[in-house]
Amino acid sequence: MTADDSYGRLDDDDYPAYTMGRAAEMLGTTPGFLRAIGEHRLITPLRSAGGHRRYSRYQLRIAARARELVDQGTPIEAACRIIVLEDQLEEAQRINAEHHRNAALHTAAT
C-alpha cells in the first residue's frame with residue numbers, strides 16, 4: 001500500500017491508523033489498559049508488519065466506552081462483558097425493527 005492509499009483510508013473507521021501509544025494518549029489511559037481490554041477480547045488490534053498493535057477509530061470508541069465504565073468503578077472484565085452485551089442488544093433490536101418493517105410491508109401489500 002502506498003502513502004496515497006493510506007491517506008485515502010484515514011476516513012475509514014476500520015482502518016488501523018493509530019499506534020498503541022497514540023491510542024492510549026487519545027483516550028487518556030495507558031498502553032496497559034489497551035492490552036487488558038485486548039486480553040478480555042473486547043477489541044483485537046491489528047498488527048503492523050513489525051508486529052506493533054494498531055487501532056482503528058471504531059476500536060478507540062469501544063475502548064473509550066470501556067474506560068468510561070472502569071472510571072465509574074466497574075471492574076475491567078465486567079466492563080468488557082457489559083459492552084459486548086450492549087452490542088448484542090443493539091444488534092437484536094436492529095434485527096427486530098427490520099422484521100417489524102418487513103411484516104408491515106407484507107401486510108400493506110396484501
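Up top is the structure these notes are about.
Reading guide: rules and limits
- Each chain has its residues counted from 1, running along the sequence as written.
- Only residues with pLDDT of 70 or above have their local features reported here, since the model is predicted, and side-chain atom pairs are shown and tallied only from 80 upward, although totals for entire chains, interfaces and linings are computed over all residues.
- With hydrogens and water set aside, each side-chain value is computed from the structure's full complement of heavy atoms.
- For cavity detection a 1 Å grid was placed over the protein atoms alone, and a set of points counts as a cavity when a 1.4 Å probe fits there but cannot get out; an open set counts as a pocket when protein lies on both sides within 12 Å along at least five of seven lines, with lining residues being those that have an atom within 4 Å of a point.
- Grid points are joined across faces, edges and corners, and a volume is the space filled by probe spheres set on the points.
- Strands here mean DSSP runs of E at least two residues long; helices mean DSSP runs of H or I at least four residues long; both are numbered from the N terminus.
- Classification convention: Asp, Glu, Lys, Arg as charged; Ala, Val, Leu, Ile, Met, Phe, Trp, Tyr, Cys, Pro as nonpolar; all other residues, Gly among them, as polar.
- What is meant by a nonpolar core is a set of buried Ala, Val, Leu, Ile, Met, Phe, Trp, Tyr and Cys residues, joined one to another through side-chain atoms within 4.5 Å.
- Only protein chains enter the accessibility calculation, which uses a 1.4 Å probe; a residue is then buried when its area is under 20% of its type maximum, exposed when over 50%, and partly exposed in between.
- When a carboxyl oxygen of Asp or Glu is within 4 Å of a side-chain nitrogen of Lys or Arg, the pair counts as a salt bridge.

Observations regarding the layout of surface pockets
Okay, so step 1: In this structure, the largest pocket occupies an estimated 300 Å³ of space.
Okay, so step 2: Lining the largest pocket, in full, are Leu 42, Tyr 58, Arg 61, Ile 62, Arg 65, Ile 83, Val 84, Glu 86, Asp 87, Gln 88 and Glu 90.
Okay, so step 3: At the level of secondary structure, the elements contributing two or more residues to the lining of the largest pocket comprise helix H4 (57–71) and helix H5 (76–109).
Okay, so step 4: Looking at the lining of the largest pocket, its residues break down into five nonpolar, one polar and five charged.

Here's the deal with the nonpolar core
Okay, so step 1: Of all hydrophobic cores here, the largest spans 18 residues; its most connected members are Leu 34, Ile 37, Leu 42, Ile 43 and Tyr 55.
Okay, so step 2: The set of elements that each furnish at least two residues to this core consists of helix H2 (20–27), helix H3 (31–39), H4 and H5.
Okay, so step 3: At five residues, the largest contribution of residues to this core is made by H4.

A look at the pattern of salt bridges
Okay, so step 1: Following the criterion strictly, the structure yields eight salt bridges and no others.
Okay, so step 2: One salt bridge in this structure joins Arg 67 and Asp 71, with 3.6 Å as the shortest N-O distance. On the criterion of helical spacing, the pair formed by Arg 67 and Asp 71 is a turn pair, its members being four residues apart in helix H4.
Okay, so step 3: Given a relative accessible area of 53%, Asp 71 falls into the exposed group.
Okay, so step 4: One salt bridge connects Glu 91 with Arg 94, and the closest N-O pair in it is separated by 2.7 Å. You can see Glu 91 and its partner Arg 94 sitting in helix H5, three residues apart, about one turn around the helix.
Okay, so step 5: When its relative accessible area of 41% is taken as the criterion, Arg 94 is described as partly exposed.

Any link to function would need more than the numbers given here.
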